[in-house]
Amino acid sequence: MVTIRMSRGGAKKRPFYHIVVTDSRNRRDGRYIERIGFFNPVAKGGEERLRMDAERADHWTAQGAQLSPRVAKLLKDCRAQ
(Lines give C-alpha, C1' and ligand atoms only; values in the text may rest on other atoms or scores of the structure.)
Protein backbone atom coordinates (compact mmCIF):
# COMPACT_ATOMS: atom_id res chain seq x y z
CA MET A 1 0.00 0.00 0.00
CA VAL A 2 1.23 3.50 -0.79
CA THR A 3 1.32 5.93 2.13
CA ILE A 4 2.09 9.59 2.59
CA ARG A 5 4.16 9.99 5.74
CA MET A 6 7.11 11.82 7.28
CA SER A 7 10.76 10.85 6.89
CA ARG A 8 13.08 12.19 9.60
CA GLY A 9 16.21 14.17 8.89
CA GLY A 10 18.14 16.90 10.65
CA ALA A 11 20.61 16.81 13.51
CA LYS A 12 20.31 15.34 16.97
CA LYS A 13 17.71 17.27 19.00
CA ARG A 14 16.82 19.31 15.85
CA PRO A 15 14.35 17.22 13.88
CA PHE A 16 13.40 18.04 10.30
CA TYR A 17 10.87 15.97 8.38
CA HIS A 18 10.38 15.45 4.66
CA ILE A 19 6.82 14.57 3.66
CA VAL A 20 7.15 11.67 1.25
CA VAL A 21 5.03 9.26 -0.76
CA THR A 22 6.33 5.75 -0.18
CA ASP A 23 5.42 2.08 -0.10
CA SER A 24 4.32 1.17 3.42
CA ARG A 25 6.81 -1.73 3.51
CA ASN A 26 9.81 0.59 3.19
CA ARG A 27 11.73 1.85 6.22
CA ARG A 28 10.86 5.21 7.75
CA ASP A 29 13.85 7.00 6.22
CA GLY A 30 14.28 4.61 3.30
CA ARG A 31 13.40 4.74 -0.37
CA TYR A 32 10.45 6.88 -1.44
CA ILE A 33 8.48 7.51 -4.61
CA GLU A 34 8.14 11.30 -4.39
CA ARG A 35 8.92 14.07 -1.91
CA ILE A 36 6.00 16.49 -1.66
CA GLY A 37 7.07 18.84 1.12
CA PHE A 38 8.73 19.37 4.47
CA PHE A 39 7.89 20.12 8.10
CA ASN A 40 10.24 21.90 10.50
CA PRO A 41 8.80 21.60 14.04
CA VAL A 42 11.53 23.74 15.63
CA ALA A 43 11.36 26.67 13.19
CA LYS A 44 12.29 29.98 14.78
CA GLY A 45 11.92 33.55 13.61
CA GLY A 46 11.56 33.87 9.86
CA GLU A 47 12.16 30.18 9.11
CA GLU A 48 9.46 28.39 7.18
CA ARG A 49 7.66 25.77 9.29
CA LEU A 50 5.63 23.89 6.70
CA ARG A 51 5.58 23.58 2.93
CA MET A 52 3.53 20.96 1.14
CA ASP A 53 2.33 20.51 -2.44
CA ALA A 54 -1.39 19.95 -1.77
CA GLU A 55 -2.07 19.20 -5.46
CA ARG A 56 0.35 16.26 -5.41
CA ALA A 57 -1.11 15.03 -2.11
CA ASP A 58 -4.58 15.10 -3.70
CA HIS A 59 -3.24 13.27 -6.75
CA TRP A 60 -1.77 10.47 -4.63
CA THR A 61 -4.86 10.13 -2.42
CA ALA A 62 -6.96 9.86 -5.60
CA GLN A 63 -4.66 7.00 -6.64
CA GLY A 64 -5.38 5.25 -3.31
CA ALA A 65 -2.55 6.45 -1.06
CA GLN A 66 -3.27 6.59 2.67
CA LEU A 67 -2.27 9.61 4.78
CA SER A 68 -0.63 9.10 8.14
CA PRO A 69 -2.56 10.85 10.96
CA ARG A 70 0.13 13.52 11.41
CA VAL A 71 0.38 14.25 7.69
CA ALA A 72 -3.41 14.54 7.47
CA LYS A 73 -3.31 17.22 10.18
CA LEU A 74 -0.42 19.03 8.46
CA LEU A 75 -2.26 18.97 5.12
CA LYS A 76 -5.28 20.54 6.80
CA ASP A 77 -3.02 23.23 8.31
CA CYS A 78 -1.37 23.83 4.92
CA ARG A 79 -4.72 24.40 3.24
CA ALA A 80 -5.75 26.86 5.98
CA GLN A 81 -2.73 29.08 5.26
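The preceding data block contains the structure.
Because the structure is predicted, anything quoted here is derived from the model rather than measured. (Residues numbered from 1 in each chain as written. Predicted model: local features only at pLDDT ≥ 70, side-chain atom pairs only at ≥ 80, totals over all residues. Heavy atoms only, no water.)

Chemist: When you look at the sheet that holds strand 3 (residues 34-39) in this model, what are you seeing that I'm missing?
Modeler: By way of backbone hydrogen bonds, the strands of a sheet pair with one another, either parallel or antiparallel. Reading across the sheet, the 5 strands line up as 4-3-2-1-5 and stay open at both edges, with mixed pairing between neighbours. If you trace the sheet from one side to the other, it starts and ends with strand 4 (50-52) and strand 5 (66-67), each paired once. Relative to strand 3, strand 2 (residues 14-23) is paired through 5 bridges, and the arrangement is antiparallel. Counted as the bridge partner of His 18 is Phe 38 from strand 3. Along the sheet, helix 2 (residues 69-80) contacts strand 1 (2-11), strand 2, strand 3, strand 4 and strand 5; its crossing angle with strand 4, the most-contacted strand, is approximately 95 degrees. (Pairing = 2+ DSSP bridges. Helix = DSSP H or I, 4+ residues; strand = E, 2+ residues; numbered from the N terminus. Contact = heavy atoms within 4.5 Å. Axes fitted to C-alpha atoms, helices over the stretch in contact; angles between N-to-C directions.)

Chemist: Please explain the pattern of salt bridges as it appears in this structure.
Modeler: Counted under the stated rule, the structure contains 6 salt bridges. Its salt-bridge partner being Arg 51, residue Glu 48 comes within 2.7 Å of it at the nearest N-O pair. What makes Glu 48 partly exposed here is its relative accessible area of 37%. Its relative accessible area of 47% is what places Arg 51 among the partly exposed residues. (Salt bridge = Lys/Arg side-chain N within 4 Å of Asp/Glu carboxyl O. Buried < 20%, exposed > 50% of the residue type's maximum accessible area, 1.4 Å probe, protein only.)

Chemist: Any chance you could explain the pairing of strand 3 here in plain terms?
Modeler: Along a regular strand, successive side chains alternate from one face of the sheet to the other. Here strand 3 lies mainly inside the structure; 5 of its 6 residues are buried. Two elements, strand 3 and strand 4, share 3 bridges in a ladder whose sense is antiparallel. Counterpart to Gly 37 in the pairing with strand 4 is Met 52.

Chemist: When you look at the packing of aromatic side chains in this model, what are you seeing that I'm missing?
Modeler: Where two aromatic rings form a pair, the distance of their centres and the angle of their planes describe that pair. Using the criterion set out here, one finds 2 aromatic pairs in the structure. Each ring, one from Phe 16 and one from Phe 38, has its centre 5.4 Å from the other, and the planes form 20 degrees; the classification is stacked. With Phe 16 in strand 2 and Phe 38 in strand 3, this pair connects stretches of sequence that are 22 residues apart. A ring pair is formed by Tyr 17 and Phe 39, whose centres lie 6.4 Å apart and whose planes are at 25 degrees; its orientation type is stacked. One end of the pair, Tyr 17, is in strand 2; the other, Phe 39, is in strand 3, and 22 residues separate them in sequence. (Phe/Tyr/Trp six-rings, centres within 6.5 Å; stacked < 30°, edge-to-face > 60°.)

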